[in-house]
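Structure assessment
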Amino acid sequence: MNRKAVVFGAAGQLGVELVRELKARRYDVTGWDRSQVDITDAAAVESALARYEAEIVFNSAAYNQVDVAEKEPQAALLVNGLAVRNLALACRQNDARLVHFSTDYVFDGLARHPYTEDDPTHPLGAYAVSKLVGELYAQAYLDRALVVRTSGVFGPGGLSTARGNFVELMLRLAGSKNPIRVVEDHFASPTFAPWLAARTVDLVDRNLEGVFHIGGGTPTSWFEFARAIFEVAGLAPTLQATNEREYRTAARRPRYSALSNGKMERVGLEPMPPLRQAVEAYFAERNRAPAPGR
């Protein structure tokens, strides 16, 4: 009998890739978005999991409006923290494994090396705090939770989601003909959603637990990311480098939050390809599945 899996947040750009990857590996998978099961409703979560009898539960649902969270920290905490408690308790009740996705923002960005799973966390704002709370709830209520931290996720699913992703934002700005200013002093590990999904399922198939980092293959500034997007797209807008001092945001962000994939690679998973290859793969997928109306 095929293993049964549930994906919460199935309409998001990571969720759609998880569903696709699980189906390709012959899992019996069901995906739910917020309109079907609201993870902030403990009773609804428990009822849904009891009814479906899933062995593995993936949580890719999240509140990810980093700046808005500074004005509404309770909303971020409800989805990213307390809702994870709901999932963890329901998984414990139904003897299911939980796979929960977290973020590089749990770090303060003061390190000058890609963060490992053993580096101390120090969130800088409401969004980051809420994501760390989710990690702690998953591990508090479950003995064998799998927490995957990632960074700057972008995937074809961003074409149909309300907020899109960094690639689509850059393409929209390029169409305006105005100069585009992107920070050059903030570094992360932009991660291609299909590859993130595949390696996460690899961890599940290996029956692994604990905290793992899965980020893009190379620490990259957001300015370098933007330049790679325009090069692959064959566009030449006016791209200007700016910095944190000039580009203020409501939320503090870690200046350096690149993730080390060393632990992932030591358990036998394939290294993540370089960013340029990820951007090329994104555009290949984008061209095969254009957004409605384009």
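Going by the structure above, here's the rest.
All of these numbers come straight from a predicted model, not from anything done at the bench. The residue count restarts for each chain, going from 1 along the sequence in the order it is written. Side-chain atom pairs in this predicted model are given and counted only at pLDDT of 80 or more, local residue features only at pLDDT of at least 70, and totals for whole chains, interfaces and linings cover all residues. As a rule here, side-chain values come from all non-hydrogen atoms in the structure, and water together with hydrogens is ignored.

Things to note about helix H2 (residues 42–52)
Selection criterion: Note on exposure labels: buried denotes an accessible area under 20% of the residue type's maximum, exposed denotes more than 50%, and partly exposed covers the range between, all computed with a 1.4 Å probe on protein chains only. Strands here are runs of E lasting at least two residues and helices are runs of H or I lasting at least four, both read from the DSSP assignment and numbered beginning at the N terminus. Each C-beta atom gives one direction from the helix axis, and the arc is the one those directions make. In what follows, residue pairs with any heavy atoms lying within 4.5 Å of each other are defined as contacts. In protein, a polar contact requires one atom able to donate a hydrogen and another able to accept it; more generally it is a pair of N or O atoms within 3.5 Å, and residues adjacent in sequence count only if both atoms are side-chain atoms.
Along H2, the positions that sit buried rather than exposed are Val 45, Ala 48, Leu 49 and Tyr 52. Seen from one end, H2 has its buried residues packed into an arc of 90°, which puts them on one side. In this structure, H2 carries Ala 43 and Arg 51 as exposed residues pointing more than 90 degrees from its buried face. Next to the buried residues of H2 lie strand S1 (4–8), strand S2 (28–32), strand S3 (56–59) and helix H3 (73–94). Capping the start of H2 is the job of one residue whose side-chain oxygen sits 3.2 Å from the backbone nitrogen of Ala 43: Asp 41. The positive-phi residue at the C-terminal boundary of H2 is Glu 53, with phi of around 60°.

Remarks on the packing of helix H5 (residues 166–175) against helix H7 (residues 222–233)
Selection rule: Structural elements are reduced to axes, namely lines fitted to C-alpha atoms, with helices fitted over the stretch in contact, and the angle between N-to-C directions of any two is expressed from 0 to 180 degrees. In these notes the angle categories are as follows: under 35 degrees is roughly parallel, over 145 is roughly antiparallel, 65 to 115 is roughly perpendicular, and the rest is oblique. Left-handed describes a crossing in which the near helix is turned anticlockwise from the far one by less than a right angle; the clockwise case is right-handed. Amino acids are sorted into nonpolar (Ala, Val, Leu, Ile, Met, Phe, Trp, Tyr, Cys and Pro), charged (Asp, Glu, Lys and Arg) and polar (every other residue, Gly among them).
One way to put it is that H5 packs onto H7 with a least axis distance of 10 Å and a crossing angle of 65°. On the basis of their axis angle, the class for H5 and H7 is roughly perpendicular. With respect to the hand of their crossing, H5 and H7 are arranged in right-handed fashion. Residues Phe 166, Val 167, Met 170, Leu 171 and Ala 174 of H5 form the contact with H7, whose own contacting residues are Trp 222, Phe 225, Ala 226, Ile 229, Phe 230 and Ala 233. Among the residues forming the contact of H5 with H7, the class breakdown is 11 nonpolar, no polar and no charged.

Comments concerning the environment of Leu 173
Checked against the element boundaries, Leu 173 lands in helix H5. With relative accessibility at 33%, the residue Leu 173 sits in the partly exposed group. Put simply, Leu 173 and Trp 195 are 22 residues apart on the chain and 26 Å apart in space, counted from C-alpha to C-alpha. Those residues in contact with Leu 173 that sit more than four places away from it in its chain are Asn 178 and Ile 180.

What to know about the packing of aromatic side chains
To keep it simple, the criterion reads: Working definition: rings of Phe, Tyr and Trp (its six-membered ring) pair if their centres are within 6.5 Å, and the pair is stacked with planes under 30 degrees apart, edge-to-face with planes over 60 apart, and tilted otherwise. The criterion is that NZ of a Lys, or CZ of an Arg, lies within 6 Å of the ring centre and within 35 degrees of the ring normal, and then a charge sits over that ring.
Summed over the entire model, instances satisfying the criterion amount to 14 aromatic pairs. An angle of 85° between the planes, with centres 5.0 Å apart, marks the rings of Phe 192 and Trp 195 as edge-to-face. Given a relative accessible area of 3%, Phe 192 falls into the buried group. Take Trp 195: its relative accessible area is 18%, and that puts it in the buried class. Site record: aromatic cluster; members linked through ring pairs are Phe 154, Phe 166, Phe 192, Trp 195, Trp 222, Phe 225, Tyr 282 and Phe 283. The ring of Tyr 52 has Lys 4 sitting right over it, with the charged end atom 4.4 Å from the ring centre. Here Lys 263 stacks its cationic end above the ring of Phe 212, 4.3 Å away from the centre of that ring.

A look at the environment of Leu 159
For Leu 159, the position within the fold is in the loop between strand S6 (153–154) and H5. Between the C-alpha atom of Leu 159 and that of His 213, which follows or precedes it by 54 residues, the distance is 25 Å.

Some thoughts on the side chain of Arg 149
Within the secondary structure, Arg 149 is located in strand S5 (residues 146–150). A distance of 2.8 Å separates polar atoms of two side chains, one belonging to Arg 149 and the other to Glu 135. There is a polar contact of 3.1 Å between the side chain of Arg 149 and the side chain of His 213.

A closer look at the environment of Phe 283
For Phe 283, the position within the fold is in helix H9 (residues 275–288). Separated by 127 residues in the primary sequence, Phe 283 and Pro 156 place their C-alpha atoms 8.4 Å from one another. Apart from residues lying up to four places away in sequence, Phe 283 is in contact with Val 167, Leu 171, Ile 229, Val 232 and Ala 233.

A word on the nonpolar core
Here is the rule: The nonpolar core is taken to be a set of buried Ala, Val, Leu, Ile, Met, Phe, Trp, Tyr and Cys residues, with the residues joined through side-chain atoms within 4.5 Å.
Counting residues in each nonpolar core, the largest one holds 49 residues, and the members touching the most others are Phe 58, Phe 225 and Ile 229. Residue contacts for Ile 229: discarding those within four places in its chain leaves Phe 166, Val 167, Met 170, Leu 171, Val 279 and Phe 283. Tyr 52, Ala 83, Val 84 and Ala 138 belong to the second largest nonpolar core, which has 25 residues in total.

Observations concerning a nonpolar patch on the surface
For the record, the criterion: Any residue with relative accessible area above 30% and no salt bridge may belong to a patch, with like charges joined within 9 Å and the nonpolar Val, Leu, Ile, Met, Phe, Trp and Tyr side chains within 5 Å. To be clear on the numbers: accessible area is Shrake-Rupley with a 1.4 Å probe, and residue cover counts the displayed protein chains and nothing else. Any Lys or Arg side-chain nitrogen located within 4 Å of an Asp or Glu carboxyl oxygen qualifies as a salt bridge.
A cluster of nonpolar side chains, namely Leu 77, Leu 78 and Leu 82, defines an oily patch on the protein surface of about 210 Å² accessible area. The topology assignment puts Leu 78 in helix H3. For Leu 78, a relative accessible area of 36% translates into the label partly exposed.

Some thoughts on H9
Worth spelling out the cut-off: Multiplying one less than the number of residues by 1.5 Å gives the expected span of a helix.
Look at H9: 20 Å from first C-alpha to last across 14 residues, which is about the 20 Å you get at 1.5 Å a residue. All of the buried residues in H9 are Leu 275, Ala 278, Val 279, Tyr 282, Phe 283 and Arg 286. For H9, the arc enclosing every buried residue in end-on projection is 135°, short of the 170-degree limit, so these residues lie on one face. Of the exposed residues in H9, the ones pointing more than 90 degrees away from its buried face are Asn 287 and Arg 288. Summarising the contacts, the buried residues of H9 are in contact with S6, H5, strand S9 (191–192), helix H6 (193–205), strand S11 (220–221) and H7.

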